[in-house]
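Chain by chain, the residues run as shown.
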Amino acid sequence: MSRRAAPKAHSPAVRRTEGSPVTDLPLAISMGDPAGIGPETVMRALIERPALRERVVVLGDVGTLHRAAHLVAPAGPPVLAELSAVADAATRPPGAVALVQVGEALPALPWGAVSAQAGRAAAAAVRAGARAVLAGQARALVTAPLHKEALAAAGEPFPGHTELLQALAAEHLGVAIDAVPVRMMLSAPGLATVLVSIHVALREALDAVRAPNVLQTVRITHAHFRRMGLARPRIAVAGLNPHAGEGGLFGREEIEHIAPAVAAARAEGIEASGPHPPDTVFMRARQGAFDVVVAMYHDQGLIPVKLLGVEHGVNTTLGLPFVRTSPDHGTAFDIAGQGIASADSLLAAIEAAAAASALSA
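Conventions used here
- Residues numbered from 1 in each chain as written.
- Predicted model: local features only at pLDDT ≥ 70, side-chain atom pairs only at ≥ 80, totals over all residues.
- Heavy atoms only, no water.
- Helix = DSSP H or I, 4+ residues; strand = E, 2+ residues; numbered from the N terminus.
- Rg over C-alpha atoms; globule rule 2.2 N^0.38 Å.
- Buried < 20%, exposed > 50% of the residue type's maximum accessible area, 1.4 Å probe, protein only.
- Contact = heavy atoms within 4.5 Å.
- Areas by Shrake-Rupley, 256 points an atom, 1.4 Å probe, with all protein chains shown as cover.
- Lys, Arg positive; Asp, Glu negative; His and termini not counted.
- Charge placed at Lys NZ, Arg CZ, Asp CG, Glu CD.
- Axes fitted to C-alpha atoms, helices over the stretch in contact; angles between N-to-C directions.
- Parallel < 35°, antiparallel > 145°, perpendicular 65-115°, else oblique.
- Left-handed = near helix turned anticlockwise from the far one by under 90°.
- Domains from an automatic or database assignment.
- Buried area = accessible area lost by both parts, 1.4 Å probe.
- Salt bridge = Lys/Arg side-chain N within 4 Å of Asp/Glu carboxyl O.
- Polar contact = N/O pair within 3.5 Å; in protein donor to acceptor, adjacent residues only side chain to side chain.
- Pairing = 2+ DSSP bridges.

*Asks:* Please clarify how the overall build of the protein should be interpreted in this entry.
*Replies:* Along the protein, the regular secondary structure elements total 11 helices and 12 strands. The globule rule puts the C-alpha radius of gyration for 361 residues at 21 Å, and the 20 Å found for the protein is close to it. Along the first, second and third principal axes, the C-alpha atoms of the protein reach 60 × 45 × 40 Å. Residue burial in the protein is summarised as follows: out of 361 residues, 55% are buried. The contacts of the protein with a sequence gap of at least 6 include a subset with a gap of at least 24, amounting to 73%. For the protein, the accessible area works out to roughly 14600 Å², and carbon and sulfur atoms hold 55% of it. Counting 30 positive and 31 negative side-chain charges, the protein places the averaged centre of each group 7 Å from the other.

*Asks:* Help me understand the packing of helix α7 (residues 211-227) against helix α8 (residues 253-267), please; the structure alone is not making it clear to me.
*Replies:* For any two helices packed against each other, one specifies the crossing angle of their axes together with the interaxial distance. Running from N to C, α7 and α8 cross one another at 40 degrees; their axes reach a closest spacing of 8 Å. When the axis of α7 is compared with that of α8, the two are oblique. Where α7 crosses over α8, the two elements pack in a sense that is right-handed. Counting all contacts with α7, which are made through Ala211, Val214, Leu215 and Val218, the residues of α8 involved are His257, Ala261, Ala264 and Ala265.

*Asks:* What exactly am I supposed to notice about the side chain of Thr316 here?
*Replies:* As for its position among the elements, Thr316 is in strand β11 (residues 314-318). With near-sequence residues (within four places) excluded, Thr316 lies in contact with Arg183, Met184, Met185, His224, Arg324 and Thr325.

*Asks:* Whenever I open this one, the domain arrangement of the protein confuses me. Can you help?
*Replies:* The accessible area lost on association of the parts is a frequent measure of interface size. According to the domain assignment, the protein contains domain 1 (24-180 + 320-360) and domain 2 (182-317). One C-alpha centre belongs to domain 1, the other to domain 2; they are set 28 Å apart. Taken residue by residue, the interface counts 20 residues in domain 1 and 17 residues in domain 2. Sorting the residues of domain 1 by area buried against domain 2 places Thr162, Arg324 and Asp328 first, and these three jointly supply 36% of that buried surface. Taken together, the links from domain 1 to domain 2 amount to zero salt bridges. One can count six residue pairs in polar contact (both at pLDDT 80 or more) joining domain 1 with domain 2. Mapped by element, the contributors of at least two residues to the side of domain 1 that touches domain 2 are α5 (161-173), β12 (324-327) and α11 (344-360).

*Asks:* Is there a simple way to explain the sheet that holds strand β5 (residues 140-143) in this structure?
*Replies:* Sheets are built from strands paired through backbone hydrogen bonds, the pairs being either parallel or antiparallel. If you walk across this open sheet you meet the 12 strands as β3-β4-β2-β1-β5-β12-β11-β6-β7-β10-β8-β9, and the pairing is mixed. If you trace the sheet from one side to the other, it starts and ends with β3 (80-83) and β9 (272-276), each paired once. Shown here is a sheet whose adjacent strand axes are inclined to one another by a mean of 25 degrees, direction ignored. Here four bridges tie strand β1 (residues 27-30) to β5, and the two strands are oriented parallel to one another. Residue pairing across strands places Ala28 opposite Leu141, the latter belonging to β5. Here α8 sits on the sheet in contact with β8 (235-238) and β9, set at roughly 170 degrees to β9.

Here it is in structure tokens:
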């Protein structure tokens, strides 16, 4: 079986500045919720890895980012250079962290508290970062964690990053949101999983286990791994019910929806298999039997990955016309402002975004 790299395709939706290779462009990083650990993990990452400072621009509230920098480096943070726009990244002083103010300056918000003001600022930073990538000013977007309650308090119509970025991509392309189907992939060393449904109630997630949704998820997964260099990615499709339904004894979703989707994918030349019993398929994938697992709902897919350690996990949005990654943890309001949050998952997300955007160029 051939595992040679697939041809690389550049998305027509992202327009680079004339004569600027994508690898010369910076990564855009949105600060996340200003009351959570996002700002301090961003600053910690750039303090721990000085070489990254030449490769990124941070978008958000400059005052919040200054406060976070002093929190994680009380003896003195690196130079923080405020730029007018991501496009000005090349003008930063050597060794400085480039910051772009998004919207009005914030007051010093209390750490670890849900607020509409914080939710609005976090969403604005994501929008600014995505638009910079779509305008060809940045090569990829890395997002620090949002708080979903803060987004709701701010009146945002989207429950999280994935849905917000999907809407921004559709707006940019001039199409309906449904014309830009996206999926969440969470990965850690040894395991990657893609979800059929994302941020919906479990009852709604069960209703989403339908052949068209499963097949669309497999196609999006296949396309992503092809762009990442796998000629024939091995996609395991998990069942929904115990023992993958045991021939219909424990439910018929596998027979009526999942197996037909797998058969349709295989008819298209996709190396998909299943439905596999969900209690063993993730273990088999980690042992090397598969490249990725398609899971039927949020917790089915994310619990196995997060058990491997959130410090290594990366969340990637598949189906967008640009690369977007994030750490796999949340805003951690319980430790925000203490200066103890690890930047490991964010660092993994930065490196994943850099690698994926280079391969997608």
